[in-house]
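For reference, the chains in residue letters:
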Amino acid sequence: METGFRNVIGLMSGTSLDGVDLVQVQFDKNDISKFKIVHSETISYSKSWKKTLQRAIAFTEKELIDLDLKYGKLLASKINFFIDKHEIKSIDFIASHGHTILHQPEKGITLQIGNGQIIANETRQKVVCDFRIQDVQFGGQGAPLVPIGDELLFYQYDACLNLGGFANVSFKEQETRVAFDICPVNIVLNHYVNKLGFEYDDKGQLASQGNVNKELLEALNQLEFYKINHPKSLGLEWVQSTVFRIIDKYNLEIKDTLRTFVEHAAIQISKSVGNKNNIFITGGGVFNSFFIERLKEHSTTEIIIPNSEIINYKEALIFALLGLLRVDNQVNCLKSVTGAIKDHSSGKIFTLK
C-alpha cells in the first residue's frame, strides 16, 4: 500500500477583504479525509489594495485584465513569503481561489482574479485555479464550491455553515449533498462598522447596543432572494444594488443598522437549518458572540464550533482539497449544489513556463 502525504498550499480571499488566507495541508495518500493543517496564516491587504479590490467591480475590461496580472504577482509574493517563513520544503502544488470581482451566473459571468500562470512562474510551482468558470459554463451557479469538502472532510455533521462575507450552508437531502448561499453577513456588517473607523464589530458589541428597526427588518426578510429555491448564490453586486439601497433608505444610527441586520441574518439562517440536529459552524462570523447568541435564540439546533484553525482556514483548506481532486481528475463540483448539468472536475492547471 502506498504511504505518505501530499503537500498542498491552499489560499483563499473572501468578500470581507480580511486578507489572504494561506494553509499548508498534508493529505493522506490513502484517505483524503485524514488531513493535517501544518501551517496557516492570514496576510492582510494594504489599504491601497483593499480599496482597489473594493472598486474593481466598476473597472473596464482592460483594467480588469491588468488587475488580474498585478493581483497574480501579489498572491505569488504572499505565497513565497509564506513558504520562506515556514521553511516549507515539499510542495506538490498550489490551489488558489483568487479573489471574486464579478459573479453573475445568471448571465454566464464569474471572474476570480489572480493570474495562475504568473503565480506558477513566480513561485516555480504547479498551480490550480479558476475553479468556478467551468461550472458556470455548464449552467451552474459556480458556487458554493466548499460543499464537496463538507461531504469528504466533515461528513459527521448534519449541516455545515460558514459565516463569512455571506452565510452559506451545505447538508444531505435525501442522500444528495445540497448547498446554497443563505444571506449576506460580514459583507454588510463590516461595510457599516467601517464608517465608524473599525475593521469589524468585535464580538458584536456595537450591534448589541442597538435596537431592531422592525420596518427595516421586515423589508429585508421580504427580499425576493429568500423565496427562491436552491441552488442559489449571492454576489457583491446584489448587496450593493439591493441590500445597501434598502438599508440606507432608513437612515438609522449605525448601531441600530447593525442590530437589525444581525437579527435578519439570524432569522434567515435559522429558517435554513432549523430542522437539523446539529450544525458545524466556521468562518469569521463565529467570533461575533452576539450574533451566535441571536442565532441560538432563533434555533434549537445544536451549534458545534471547532478549533480556531478550522474556523479561520476551512475555506483555504477546502480549496486545497479542490485542487487535489482536480489534479487527480476527480469530481470537485457537484451538480446538486450548483445546478450544473453534471458533476465535474473543475479548475485550470498551470505549470512553470
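Scroll up for the structure.
Given the structure is predicted, the values throughout are model-derived calculations rather than measurements. (Residues numbered from 1 in each chain as written. Predicted model: local features only at pLDDT ≥ 70, side-chain atom pairs only at ≥ 80, totals over all residues. Heavy atoms only, no water.)

> Provide a residue-level description of the overall build of the protein, including the pertinent values.
Across its full length, the protein holds 13 helices and 13 strands. In summary, the protein has a C-alpha radius of gyration of 20 Å against a globular reference of 20 Å for 353 residues, a match within 12%. Viewed in the frame of its principal axes, the protein has a C-alpha envelope of about 60 × 45 × 40 Å. Out of the 353 residues belonging to the protein, those deemed buried represent 57%. Intrachain contacts of the protein at a sequence separation of at least 6 include 70% that bridge at least 24 residues. As presented, the protein carries roughly 15900 Å² of accessible surface, and 46% of it is formed by carbon and sulfur atoms. In the protein, 39 positive and 41 negative side-chain charges are present, and the distance between their average locations comes to 3 Å. (Helix = DSSP H or I, 4+ residues; strand = E, 2+ residues; numbered from the N terminus. Rg over C-alpha atoms; globule rule 2.2 N^0.38 Å. Buried < 20%, exposed > 50% of the residue type's maximum accessible area, 1.4 Å probe, protein only. Contact = heavy atoms within 4.5 Å. Areas by Shrake-Rupley, 256 points an atom, 1.4 Å probe, with all protein chains shown as cover. Lys, Arg positive; Asp, Glu negative; His and termini not counted. Charge placed at Lys NZ, Arg CZ, Asp CG, Glu CD.)

> I'd like a description of the side chain of Arg-177, backed by residues and values.
Secondary-structure assignment places Arg-177 in strand S10 (residues 176-184). Judged by its relative accessible area of 6%, Arg-177 falls in the buried class. A polar contact of 2.8 Å, which involves the side chain of Arg-177, links it to the side chain of Glu-151. Among all residues touching Arg-177, those that are not within four sequence positions of it are Pro-147, Asp-150, Glu-151, Ser-170, Phe-171, Lys-172, Leu-334, Ser-336 and Val-337. (Polar contact = N/O pair within 3.5 Å; in protein donor to acceptor, adjacent residues only side chain to side chain.)

> So what's going on with the packing of aromatic side chains? Residues and values would help.
Aromatic rings considered in pairs are described by the distance between their centres and by the relative angle of their planes. Enumeration according to the criterion identifies 10 aromatic pairs in this entry. Three or more aromatic residues link up through ring pairs in this structure, and these residues are Phe-35, Phe-154, Tyr-157 and Phe-280. The side chain of Lys-232 reaches across the aromatic face of Phe-225, ending 4.4 Å from its centre. The ring of Phe-171 is capped by Lys-276, whose NZ or CZ atom sits 4.0 Å from the centre of that ring. (Phe/Tyr/Trp six-rings, centres within 6.5 Å; stacked < 30°, edge-to-face > 60°. Lys NZ or Arg CZ within 6 Å of the ring centre and 35° of its normal.)

> How would you sum up the sheet that holds S10? Please name residues and give values.
The sheet built from 5 strands is open, its strands ordered S10-S9-S8-S11-S12 with mixed pairing. Of all strands in the sheet, those with a lone pairing partner are S10 and strand S12 (302-304), marking the two edges. Geometrically, the sheet is characterised by an average inter-axis angle of 25° between neighbouring strands, direction not taken into account. Bridge analysis of strand S8 (residues 159-163) against strand S11 (residues 278-282) gives 3 bridges, and the strand direction is parallel. (Pairing = 2+ DSSP bridges. Axes fitted to C-alpha atoms, helices over the stretch in contact; angles between N-to-C directions.)

> For the pattern of salt bridges, give the residues involved together with the corresponding values.
Where charged atoms of side chains with opposite charge meet at close range, the side chains can pair. Under the definition given, this model contains 12 salt bridges. Across the pair Lys-85 and Glu-41 runs a salt bridge, and its minimum N-O distance is 3.0 Å. Of this pair, Lys-85 sits in helix H2 (residues 61-85) while Glu-41 is found in strand S3 (residues 35-43), placing the two residues 44 residues apart along the sequence. A salt bridge links Arg-177 to Glu-151; the shortest N-O distance between them is 2.8 Å. Residue Arg-177 is located in strand S10, and its partner Glu-151 is located in helix H5 (residues 147-153); the two are separated by 26 residues in the primary sequence. Glu-151 sits in the partly exposed class, given a relative accessible area of 23%. (Salt bridge = Lys/Arg side-chain N within 4 Å of Asp/Glu carboxyl O.)

> Let's hear about the layout of surface pockets: which residues, and what values?
In this model, the second largest pocket occupies a volume close to 320 Å³. Looking at the second largest pocket, it is lined by 16 residues, and the ones nearest its centre are Leu-64, Ile-65, Asp-68, Leu-111 and Gln-112. Elements with a contribution of two residues or more to the lining of the second largest pocket: H2, strand S6 (109-113) and strand S13 (348-350). When its residues are assigned to classes, the lining of the second largest pocket shows 7 nonpolar, 5 polar and 4 charged. (1 Å grid on protein atoms, 1.4 Å probe; cavity = no way out; pocket = protein on both sides within 12 Å on 5 of 7 lines; lining within 4 Å. Points joined across faces, edges and corners; volume = space filled by probe spheres on them. Nonpolar A, V, L, I, M, F, W, Y, C, P; charged D, E, K, R; others polar.)

> Just give me the short version of the environment of Thr-52, but keep the residues and values in it.
By the element assignment, Thr-52 lies in helix H1 (residues 47-55). Classification of Thr-52 as buried rests on a relative accessible area of 18%. Taking the C-alpha atoms as reference points, Thr-52 and Thr-242, separated by 190 residues in sequence, lie 22 Å from one another. Polar side-chain contacts of Thr-52 include one of 2.9 Å to the backbone oxygen of Ser-48.

> Help me get a handle on empty space enclosed by the protein, residues and values and all.
Within this structure, the stated rule accounts for 2 cavities of 30 Å³ or more. Taken as a whole, the largest cavity spans an internal volume of roughly 60 Å³. Around the largest cavity, the lining residues are Pro-144, Val-146, Pro-147, Asp-150, Cys-160, Leu-161, Asn-162, Asn-168, Val-169, Ser-170, Ala-179 and Lys-314. Within the residue set of the lining of the largest cavity, elements represented by two or more residues are H5, S8 and strand S9 (166-173). The residue inventory of the lining of the largest cavity, partitioned by class, reads 7 nonpolar, 3 polar and 2 charged. Along its surface, the second largest cavity is lined by Leu-161, Ile-269, Val-273, Ile-279, Leu-295, Ser-299, Thr-301 and Ile-303.

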